[in-house]
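As a plain string of letters, each chain reads:
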Amino acid sequence: MRILVVEDDPSISVPLAEGLRREGFEVEVAPTGAAALAAQPVDIVLLDLGLPDLEGNVVCQRMRARSAVPIIVVTARGEEIDRVVLLELGADDYVVKPFGLRELVARIRAVLRRTAGAAPGAAVVGEVVVGPLCIDPRTRAVTLDGAAIALTPKEYDLLLFLAADPGAVRGRDELIREVWDEHWWGSTKTLDVHVASLRKKLRPELIETVRSVGYRIVDLSAVEQ
Ligand code: CA
């Protein structure tokens, strides 16, 4: 398992890299945002937001734009964290400094589990078709009426989870548990942000709100008739 540690402070990155190697990870350290963006592909990224050259947010966004690699963001204690913004940038989880190695390794393993085998819809084989909506889990391609729609990884996961069982109402807690990681998720606002974004990118009527329960996907061809 290869991990990229993006951290400018050697008093953190050196012992951290040693600890992670002892845990069996292959570790590469990038001391700047530019070095992080130039690094070879890895299995997971640990990204300090306070970098000397580029804003951590920008690095996160650029990494996410070109790869689905899991990203755990590291923030300093007391730093204002907008979880919704982090998710919008494509981060999978975050840890706050100072953190223990054991806690961090547990988080890393949880994120890797979630993004690999346990990804929502991982069991779905073949195309998922709900009226004009078509999802191909092998390529993660989404089309609506034949037009390709670009989604973020989480938007895709959420859409596939809803579409895998058309008509079924999915509860808010269930969606957050399956699509995100419940242990760091204090607010369910993120779910609404992602639903709103899917509605905007696809069609507003595609995802129906079931009041005080959750959401369900709607077969638009049935609605139109
Ligand atoms: Ca730093």
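The structure we're discussing is the one just above.
Please read all numbers here as calculations on a predicted model, not as lab measurements.

A.B. asks: Can you tell me about the packing of helix H1 (residues 10-22) against helix H5 (residues 101-115), naming the residues and giving the values?
C.D. replies: Where H1 contacts H5, the axes come no closer than 11 Å and their chain directions differ by 60°. Between H1 and H5, the angle is such that the two are oblique. Judged by the sense of rotation from one axis to the other, the crossing of H1 with H5 is right-handed. Contacts between H1 and H5 involve Leu 16, Gly 19 and Leu 20 from the first element and Leu 101, Leu 104, Val 105 and Ile 108 from the second.

A.B. asks: Talk me through the side chain of Glu 155; I want residue IDs and the actual numbers.
C.D. replies: Looking at the element boundaries, Glu 155 is found in helix H6 (residues 153-163). In terms of polar contacts, Glu 155 uses its side chain to reach the backbone amide nitrogen of Thr 152, at 3.0 Å. What Glu 155 contacts, discounting residues up to four positions off in sequence, is Ala 150, His 194, Ser 197, Leu 198 and Lys 201.

A.B. asks: So, the packing of H6 against helix H7 (residues 172-179): which residues are in play, and what are the values?
C.D. replies: The interhelical angle for the contact between H6 and H7, taken along N-to-C directions, is 125°, at an axis separation of 10 Å. Between H6 and H7, the interaxial angle falls into the category oblique. Considering the relative orientation of H6 and H7, their crossing is right-handed. Contacts between H6 and H7 involve Lys 154, Asp 157, Leu 158, Phe 161 and Leu 162 on the former and, on the latter, Glu 174, Leu 175, Glu 178 and Val 179. By residue class, the composition of the contact of H6 with H7 is five nonpolar, no polar and four charged.

A.B. asks: Can you lay out the sheet that holds strand E6 (residues 128-130) for me, pointing to particular residues and giving the numbers?
C.D. replies: Strand order in the open sheet formed by four strands is E6-E7-E8-E9, and the pairing between neighbours is antiparallel. Two strands in the sheet have a free side with no partner beyond their single neighbour: E6 and strand E9 (147-149). Strand after strand, the sheet turns through a mean of 25° between neighbouring axes, direction not considered. In terms of strand pairing, strand E8 (residues 141-144) meets E9 through three bridges, oriented antiparallel. By the bridge assignment, Thr 143 is partnered in E9 with Ala 148. In the packing of H6 onto the sheet, contacts are made with E6, strand E7 (133-136) and E8, and the angle to E7 comes to roughly 110°.

Quick notes on the rules
Residues numbered from 1 in each chain as written. Predicted model: local features only at pLDDT ≥ 70, side-chain atom pairs only at ≥ 80, totals over all residues. Heavy atoms only, no water. Axes fitted to C-alpha atoms, helices over the stretch in contact; angles between N-to-C directions. Helix = DSSP H or I, 4+ residues; strand = E, 2+ residues; numbered from the N terminus. Parallel < 35°, antiparallel > 145°, perpendicular 65-115°, else oblique. Left-handed = near helix turned anticlockwise from the far one by under 90°. Contact = heavy atoms within 4.5 Å. Polar contact = N/O pair within 3.5 Å; in protein donor to acceptor, adjacent residues only side chain to side chain. Nonpolar A, V, L, I, M, F, W, Y, C, P; charged D, E, K, R; others polar. Pairing = 2+ DSSP bridges.

Everything listed here is a matter of geometry and, on its own, says nothing about what the molecule does.
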